[in-house]
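# Observations on the three-dimensional arrangement
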Amino acid sequence: MVRAPAGDRGRGRRRRTRAFESRAHARAPHPSRARSARRPARGRGRIPAVSLPRAYRAHAIVLRGRNLGEADRALSLLTLERGKLDAVAKGVRRGDSRLSGRLELLSEVDASFHRGRSLDVITGADPVTSYWQRLVTPEAFAVASVVAELVDAFCEPELPVPAVYRLLRGATAAIAGRGEARRVLARFELRLLDELGLGIPLDACMHCQRALAEQAVVDLSVGGLACPSCLRPEGNTVLDAGELVALQHLGAPKGQGASLRAGAKVARAVETLIVHHLGKTARSLAALDALAPE
Ligand SMILES: [Zn+2]
């Protein structure tokens, strides 16, 4: 193979980088984003680079990545301080890179960045937690992928959501540490919507607001629960009193009766409701279903 002169190789890399950047920026608005947490109108769009330092640090959790050029990876990160942002890890796929092995799915790092013209560059990453070794079982990896995809879909760029960051960190530890990853996922989904101000009422009918006690009908048209008077149970998923209580415990804030003791039917009902709020099926959720239908 005839290698291009060094200068040309550099230009090729820059071209590929720009191609990625333009795709990232041209991404069509996601239906769920209309309902995701809103920043004030004045703050929308990228903050002018002139007002920010060229270098900064942030705690970051890796949501997804794609290979770029010969050795780079473009990463989508949720940061504690700045919300979601895209950044490039240059040379990370070379074995001798200082970043190598530190930026896997859902790894948390204390990272330093250099502000680029449109994509920032990761210049250093000190590991905070990495459960990567325990996320490689098929179910744990599939659930971790759903969690990362949902955070990516529901969070807006550069809008800090510290509560979601802490929720993601806790969910990752739970997925890595338990054999009940799908219940962890259902709880994560309910808590994520709650933290974003999109929470599903679990104790009252979405239509008449009457308290739910004996039965709840999963209403996919509104993404919530209905009483049997407002929505006929026939043809819909119906939760009995015990399942309803399990669902309420599953979605309860930490320290307020939270419990993972919900059956597969309840976890599945949560997944169908999440699909409504997301506006589409999470790609990774389909992969999880194919792996081990519950
Ligand atoms: Zn009702």
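In this text, all values refer to a predicted model and were calculated from it rather than measured experimentally. (Residues numbered from 1 in each chain as written. Predicted model: local features only at pLDDT ≥ 70, side-chain atom pairs only at ≥ 80, totals over all residues. Heavy atoms only, no water.)

## Topic: the confidence of the model for the chain
Of the residues in the chain, 81% have a pLDDT of 70 or more, and the chain-wide mean is 83. Every residue in residues 1–44 scores below 50 in pLDDT, and together they form 53 contacts with partners more than four places removed in sequence or on other chains. (pLDDT = per-residue confidence, 0-100. Contact = heavy atoms within 4.5 Å.)

## Things to note about helix α6 (residues 264–278)
A rise of 1.5 Å per residue sets the reference length of α6, with its 15 residues, at 21 Å; its end C-alpha atoms lie 21 Å apart and thus fit the reference within 8%. The complete set of buried residues in α6 reads Val266, Ala267, Ala269, Val270, Glu271, Leu273, Ile274, His277 and Leu278. (Helix = DSSP H or I, 4+ residues; strand = E, 2+ residues; numbered from the N terminus. Expected span 1.5 Å × (residues − 1). Buried < 20%, exposed > 50% of the residue type's maximum accessible area, 1.4 Å probe, protein only.)

## Looking at the packing of helix α4 (residues 181–195) against helix α7 (residues 283–291)
Packed helix pairs are characterised by how far apart their axes lie and by the angle those axes make with each other. Viewed as axis vectors pointing N to C, α4 and α7 meet at an angle of 155°, and their least axial separation amounts to 13 Å. With respect to α7, the element α4 is oriented roughly antiparallel. When you trace α4 past α7, the crossing you get is left-handed. Residues Arg182, Leu185 and Glu189 of α4 pack against Leu285, Leu288 and Asp289 of α7. (Axes fitted to C-alpha atoms, helices over the stretch in contact; angles between N-to-C directions. Parallel < 35°, antiparallel > 145°, perpendicular 65-115°, else oblique. Left-handed = near helix turned anticlockwise from the far one by under 90°.)

## Describing the pattern of salt bridges
One pass over the structure, following the stated rule, counts eleven salt bridges. A salt bridge links Asp194 to Arg191; the shortest N-O distance between them is 2.7 Å. Highlighted residues: Asp194 and Arg191, both in helix α4, separated by three residues, approximately one helical turn. When its relative accessible area of 38% is taken as the criterion, Asp194 is described as partly exposed. Here Glu195 and Arg191 are joined by a salt bridge, their closest N and O atoms 3.5 Å apart. (Salt bridge = Lys/Arg side-chain N within 4 Å of Asp/Glu carboxyl O.)

## Observations regarding the environment of Asp120
Of note, Asp120 is situated in strand β5 (residues 120–129). Measuring from C-alpha to C-alpha, the distance between Asp120 and Asp86 comes to 7.0 Å, with 34 residues separating the pair along the chain.

## Description of empty space enclosed by the protein
Applying the stated criterion across every chain, the model contains one cavity of 30 Å³ or more. For the largest cavity, the calculated volume is near 30 Å³. Every residue lining the largest cavity is listed: Ile61, Leu106, Glu108, Thr129, Tyr131, Arg169 and Thr172. Residues belonging to the lining of the largest cavity are distributed by class as follows: three nonpolar, two polar and two charged. (1 Å grid on protein atoms, 1.4 Å probe; cavity = no way out; pocket = protein on both sides within 12 Å on 5 of 7 lines; lining within 4 Å. Points joined across faces, edges and corners; volume = space filled by probe spheres on them. Nonpolar A, V, L, I, M, F, W, Y, C, P; charged D, E, K, R; others polar.)

## Comments concerning the coordination of the zinc ion
On the protein side, the zinc ion has Cys205 (SG), Cys208 (SG), Cys227 (SG) and Cys230 (SG) as donor atoms, found 2.3 Å from it. Coordination at the zinc ion is tetrahedral, judged from the four donor atoms that bind it and the angles of 103 to 116° they form at the metal. Here the donor residues for the zinc ion map to a single chain with the spacing C-x2-C-x18-C-x2-C. With a gap of 19 residues between them, Cys208 in the loop between α4 and β6 (215–219) and Cys227 in the loop between β7 (224–226) and β8 (238–240) connect regions that are remote in the sequence. (Donors = N, O, S within 2.8 Å, 3.2 Å for Na, K, Ca; no water. Tetrahedral: all angles 85-135°; square planar, octahedral: opposite > 155°, others 65-115°.)

## Regarding the packing of aromatic side chains
For the structure on display, the rule yields two aromatic pairs. With centroids separated by 4.9 Å and ring planes inclined at 10°, the aromatic side chains of Tyr56 and Phe113 adopt a geometry described as stacked. A residue pair is termed long-range when its members are at least 10 positions apart, and Tyr56 in strand β1 (residues 55–68) and Phe113 in strand β4 (residues 108–114) qualify at 57 residues. Centre to centre, the rings of Trp132 and Phe141 are 6.1 Å apart; their planes meet at 75°, and the pair counts as edge-to-face. Under the relative-accessibility criterion, Trp132 is labelled partly exposed at 24%. Sitting over the face of the ring of Tyr56, Arg82 holds its NZ or CZ atom 3.7 Å from the ring centroid. (Phe/Tyr/Trp six-rings, centres within 6.5 Å; stacked < 30°, edge-to-face > 60°. Lys NZ or Arg CZ within 6 Å of the ring centre and 35° of its normal.)

## Things to note about the sheet that holds β7
The strand order across the open sheet built from three strands is β7-β6-β8, with neighbouring strands paired in antiparallel fashion. Every interior strand has two partners, whereas the edge strands, β7 and β8, have only one. Taking each pair of neighbouring strands and ignoring which way they run, the sheet shows an average axis angle of 35°. As paired strands, β6 and β7 are joined by three bridges and run antiparallel to one another. (Pairing = 2+ DSSP bridges.)

## A closer look at the sheet that holds strand β2 (residues 72–79)
One closed barrel holds the five strands; their spatial order is β1-β2-β3-β5-β4, and the pairing between them is mixed. On average, each strand axis in the sheet is inclined to that of its neighbour by 50°, with strand direction left out of account. Direction of pairing for β4 relative to β5: antiparallel, over a ladder of seven bridges. Residue pairing across strands places Ser112 opposite Gly124, the latter belonging to β5. Packing of helix α3 (residues 162–177) onto the sheet brings it into contact with β1, β2 and β4, and relative to β1 it is tilted by some 55°.

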